[in-house]
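# Examination of the molecular architecture
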Amino acid sequence: MPAVPWWAVLSAAALPVLLVIGWTTAAVRQPPGYDPWADMISALSSYRSLDRLILVCLLAALGVAHLVTAIGLRPVRPLARLVYAAGGLATVVVAAVPKVDSSTPPVHGIAAVLAFVGLAVWPALAVLPLPHRAAPVRHWPEPPGTIRDRPWVLRPGVGYATAVLMLGLGLWLATQLPHGGLAGLAERFTAGSEALWPLVVALTLFRRGRRPAATDKGG
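Going along each chain's sequence as written, the residues are numbered from 1 onward. The model is predicted, so local features are restricted to residues of pLDDT at least 70 and side-chain atom pairs to those at 80 or more, both for listing and for counting; the totals for chains, interfaces and linings are taken over all residues. Hydrogens and waters are ignored; side-chain quantities use all the structure's heavy atoms.

## Quick word on the nonpolar core
As a rule of thumb, soluble globular proteins bury nonpolar side chains together. We apply this condition: As used here, the term nonpolar core means buried Ala, Val, Leu, Ile, Met, Phe, Trp, Tyr and Cys residues forming a set that is joined through side-chain atoms within 4.5 Å. Three labels apply to residues, based on accessible area from a 1.4 Å probe with only protein chains included: buried if under 20% of the type maximum, exposed if over 50%, partly exposed otherwise in between. Strands here are runs of E lasting at least two residues and helices are runs of H or I lasting at least four, both read from the DSSP assignment and numbered beginning at the N terminus. Throughout, a contact is declared for two residues whenever any of their heavy atoms are within 4.5 Å.
Of all hydrophobic cores here, the largest spans 31 residues; its most connected members are Val 4, Leu 73, Val 76, Tyr 84, Trp 122, Val 201 and Leu 205. Counting residues per element, the ones that place at least two in this core are helix 1 (6-29), helix 2 (49-72), helix 3 (78-96), helix 4 (106-126) and helix 6 (183-218). No other element matches helix 6, which puts eight residues into this core. When neighbours within four sequence positions are excluded, Leu 73 is seen to be in contact with Val 4, Arg 81, Tyr 84, Trp 122, Val 201 and Ala 202.

Printed below as a string of structure tokens:
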């Protein structure tokens, strides 16, 4: 059986799709004054109630997809999965407490920060070495000395570089708030990278988990 179940790959694949739907909705439904480069996705809730409902459903589905993916990434270090799941849960909270007109509730802002941070740092936590004691399921990375045997997505250089890139994009977003001219673009780059990386990890580990079974069958 694959180390990563098919439903985790499906939920990971849903992440960028949901973001594209959100960006398209933001561009199509808003009045001429809406600028996707300058205005954030949450600006949807500043307009009509239907737009607010679309935004809430989009963010809630995005958060649930992150949670499901975190559950399914069983080869990944538990601490990394926990932080990743916390980022998904924070995204659900962002959906539950949306912006109202031009006002941003404190809970919305705090949850948004926690979501961005959690979804950005888990790649670095995923490459830390596991304890030597036996685990109930097969995990990567293996004990020290076998770094080359790890899937490339769980190697230290890749994990740390990915986390630094995502945190850098998040800092760029922070510099554009509240009225930066590229806040929307920065948010899309940040959210996009945080949605694509789980899919890359899920696909890589899914294929890695299938490889031994295919070899045994062929022998």
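And the narrative resumes.
## Some words on the packing of helix 4 against helix 5 (residues 156-175)
How two helices pack is summed up by the angle between their axes together with the distance between the axes. To be explicit about the condition: Geometry is summarised by axes, namely lines fitted to C-alpha atoms with helices restricted to the contacting stretch, and by angles between N-to-C directions that run from 0 to 180 degrees. Should an angle lie under 35 degrees it is considered roughly parallel, over 145 roughly antiparallel, and from 65 to 115 roughly perpendicular; all remaining angles are considered oblique. For a crossing to be left-handed, the near helix must be turned anticlockwise from the far one by less than a right angle; the clockwise case is right-handed. Under the scheme applied here, ten amino acids are nonpolar (Ala, Val, Leu, Ile, Met, Phe, Trp, Tyr, Cys and Pro), four are charged (Asp, Glu, Lys and Arg), and all others, including Gly, are polar.
Here helix 4 crosses helix 5 at 160 degrees, and the two axes come no closer than 6 Å. One element, helix 4, and the other, helix 5, form an angle in the roughly antiparallel class. Crossing angle aside, the handedness with which helix 4 passes helix 5 is left-handed. Only Gly 159, Tyr 160, Thr 162, Ala 163, Met 166, Leu 167 and Leu 173 of helix 5 make contact with helix 4, whose side of the interface consists of Phe 116, Leu 119, Ala 120, Val 121, Pro 123 and Ala 124. Taken together, the residues of the contact of helix 4 with helix 5 sort by class into 11 nonpolar, two polar and no charged.

## A closer look at the environment of Val 68
By secondary structure assignment, the location of Val 68 is in helix 2. Measuring from C-alpha to C-alpha, the distance between Val 68 and Ala 85 comes to 8.1 Å, with 17 residues separating the pair along the chain. Leaving out residues up to four positions away in the same chain, Val 68 has contacts with Trp 7 and Ser 11.

## Observations regarding the packing of aromatic side chains
Our working definition: In summary, the pairing rule links any two rings of Phe, Tyr or Trp, Trp by its six-membered ring, whose centres are within 6.5 Å, and it sorts them by plane angle into stacked for under 30 degrees, edge-to-face for over 60 and tilted for everything else.
For the structure shown, the criterion picks out three aromatic pairs. Relative to Trp 197, the ring of Trp 152 has its centre 6.1 Å away and its plane inclined at 80 degrees; by these criteria the two rings are edge-to-face. Pair noted here: Trp 152 is in the loop between helix 4 and helix 5 and Trp 197 is in helix 6, with a separation of 45 residues, a long-range link. We classify Trp 152 as partly exposed; its relative accessible area is 43%.

## Structural notes on the confidence of the model for the protein
For clarity, the threshold we go by: pLDDT: the predictor's confidence for each residue, scored from 0 to 100.
Overall, the prediction assigns the protein a mean pLDDT of 83, with 81% of residues at 70 or greater. Under a pLDDT of 50 for its full length, residues 131-137 has, in the predicted model, three contacts with residues more than four places off or in other chains. Segment residues 213-219: pLDDT under 50, and zero contacts once partners within four positions in sequence are set aside and those in other chains are kept.

## Examining a nonpolar patch on the surface
Note the threshold: Each patch is built from residues lacking any salt bridge and having more than 30% relative accessible area; the joining distance is 9 Å for like charges and 5 Å for nonpolar side chains (Val, Leu, Ile, Met, Phe, Trp, Tyr). Areas reported here follow the Shrake-Rupley algorithm with a probe of radius 1.4 Å; residue values treat only the protein chains shown as occluding. We count a salt bridge whenever a side-chain nitrogen from Lys or Arg sits within 4 Å of a carboxyl oxygen from Asp or Glu.
Residues Trp 6, Trp 7, Leu 10 and Ile 71 make up a contiguous nonpolar surface patch of roughly 480 Å² in combined accessible area. In terms of residues, the nonpolar patch owes the most to one element, helix 1, which gives three residues.

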